[in-house]
Amino acid sequence: MQELPTYKIFDIGLFISSVFVALLFVPLEVDLMKYLMVSSIYLVFSIIYSSLRIQYGNGTGSYDYGVNYSQSLALFAGPLGLLFFEIVHRFIIFFQRTYAKTADEDELTDTLYNIGSFTLYHTVGYLFFFALYPYAQSIPFGFFLLFFVSAIIVSWQADTLLLFALYLSGNIRTWSEVVSFFKKRSILDTGKVAITNGLLFYFVMENHWDMLIVFFIMNYIVSKSFLSKHETIQNELERDRFREMAYTDFMTGLSNRAMMDKQMVEINGTNEVLAIVVADIDKFKQINDSYNHAIGDRVIQHFADILKSHTSEEDCVFRSGGEEFTLFLRGRSYEECLEFLESIRSDVSAHPAIVEHNGAEATIPYTASFGLYFNKMTEELPMERAYIYADQLLLEAKDLGRNRVNVSDGQRVLIHS
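If you're wondering where the values come from, they're calculated on a predicted model, not measured in any experiment.

What counts, and at which threshold
The numbers attached to residues start from 1 for each chain and follow its sequence in the written order. Totals for whole chains, interfaces and linings use every residue, but because this is a predicted model, local features are given only for residues with pLDDT of at least 70 and side-chain atom pairs only at 80 or more, for both listing and counting. Computation of side-chain values: all heavy atoms of the structure, hydrogens and water removed. Structural elements are reduced to axes, namely lines fitted to C-alpha atoms, with helices fitted over the stretch in contact, and the angle between N-to-C directions of any two is expressed from 0 to 180 degrees. Comment: elements are numbered from the N terminus, with helices defined as DSSP H or I runs of at least four residues and strands as E runs of at least two. In what follows, roughly perpendicular refers to angles from 65 to 115 degrees, roughly parallel to angles under 35, roughly antiparallel to angles over 145, and oblique to any angle outside these ranges. Take the far helix as your reference; a near helix turned counterclockwise from it by less than a right angle gives a left-handed crossing, and one turned clockwise gives a right-handed crossing. Contacts were defined at the residue level, with two residues in contact if any of their heavy atoms lie within 4.5 Å. In this classification, Asp, Glu, Lys and Arg are treated as charged, Ala, Val, Leu, Ile, Met, Phe, Trp, Tyr, Cys and Pro as nonpolar, and every other residue, Gly included, as polar. Aromatic rings from Phe, Tyr and Trp, taking only the six-membered ring of Trp, are treated as a pair when their centres fall within 6.5 Å; an angle between ring planes under 30 degrees marks them as stacked, one over 60 as edge-to-face, and anything in between as tilted. Exposed residues in this analysis have more than 50% of their type's maximum accessible area, buried residues have under 20%, and partly exposed residues fall in between, with area computed by a 1.4 Å probe over protein chains only. Criterion for a charge above a ring: Lys NZ or Arg CZ within 6 Å of the ring centre, and within 35 degrees of the ring normal.

Q: I'd like to hear about the packing of helix α2 (residues 32-49) against helix α3 (residues 70-99), residue by residue, with values.
A: Axis separation between α2 and α3 bottoms out at 10 Å; the angle between their running directions is 45°. Regarding the angle of α2 to α3, the classification is oblique. Considering only the axes of α2 and α3, their crossing is right-handed. Counting all contacts with α2, which are made through Lys34, Tyr35, Val38, Ser39, Tyr42, Leu43, Ser46 and Ile47, the residues of α3 involved are Ser72, Leu73, Phe76, Ala77, Gly81, Phe84, Phe85, Val88, His89, Ile92, Ile93 and Gln96. When its residues are assigned to classes, the contact of α2 with α3 shows 13 nonpolar, six polar and one charged.

Written out as structure tokens, the structure is:
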């Protein structure tokens, strides 16, 4: 016989404990017909809320979004009445998900956890509330203040139990995950729970059935709207993340060739005056042959870091392939572009890459060559052609001995070394 995991034993233990605690409050101290009517209304809207689920943890943990109504029901019907309600409510959801084949692997023990935990910590809230209720009546807004404090106590217990359950099931393992868990909590949410349950309790005790149902409907609409916005934001974040992945070179953190092609299309025909620079690490194959490709990658990253340290937010820097990089320098004059490239070339020569090789620190000196084409990007001079000119200028710098800046403003070529 397979032994039950610890977290399942914990869930079952919570349920058994809640039954024993609830039986201490026998008999049910409310009118049975009123209890059935209130429970039915709560049950309908609680089941509707079960469709609003937000995933938490490393994949398996989830909980219902929205305001939980158990605080007001516990105060109305007591722990025993709440236990009966939670059993019916949670098992309806269990069978519903089982039938729809959307149940989790641990759906049954999760159901027992929900019944047990809700009953136990709302029992504490029930005892706390009625112990202080006579004193709260003499304080302005004492009723809602007491609900707020009770909601904090219930929330603290709920978070503690949930954290422990997530730890036992492997969804939380580190302190950083615990901190992240509590960061998702909000005092405003606690206030929302307190006000909602306070109003529901008042409507139930005063038999305002129309207001009770209207309040449930309004609360569902607001929560559904919030969840829709949450999903929209999540979809936008996912879309942005995939767009970033499509346009980012992850070795260097720079934009890749796809982004460079996209930028070229956007600049074409705008009459913008800019410099296209094609840069290349000199004798890079020798670095790979003398060391290894991992060292070569580190040199590429070193060169990329130097480029990033010199460029401004207006400039565009791309890893256009292998050890080759392309820059679009914007908002600079021709002379400023020359000075800019010369400073990069000097920086590369003066600061070799420091790498780890065979367990020891190694210094890898290297140089780079640059081809710069400066002109106005018109319809007659598209970016693609200007890039070819810059690439040709780079090849000429290589042929002339490397570690050079070869530049042209569309009329003359200058060699810097």
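Q: Explain the packing of aromatic side chains residue by residue, including any values.
A: Counted by the stated rule, this structure contains 30 aromatic pairs. Relative to tyrosine 126, the ring of phenylalanine 25 has its centre 5.8 Å away and its plane inclined at 90°; by these criteria the two rings are edge-to-face. Of this pair, phenylalanine 25 sits in the loop between α1 (6-23) and α2 while tyrosine 126 sits in helix α4 (residues 107-136); the two residues are 101 residues apart in sequence, bridging distant segments of the chain. Using a relative accessible area of 17% as the deciding quantity, one classes tyrosine 126 as buried. Pairing phenylalanine 129 with phenylalanine 201 gives two aromatic rings, centres 6.2 Å apart and planes at 80°, and the pair type is edge-to-face. One end of the pair, phenylalanine 129, is in helix α4; the other, phenylalanine 201, is in helix α7 (residues 187-205), and 72 residues separate them in sequence. The buried category is assigned to phenylalanine 201, whose relative accessible area is 9%. Among the aromatic residues, those joined into a cluster by ring pairs are Phe25, Tyr126, Phe129, Phe130, Tyr133, Phe143, Phe144, Phe147 and Phe201. Geometry around phenylalanine 118 places arginine 90 over its ring, the cationic atom sitting 4.5 Å from the centre. Lying over the aromatic face of phenylalanine 340, arginine 332 brings its terminal NZ or CZ to 4.4 Å of the ring centre.

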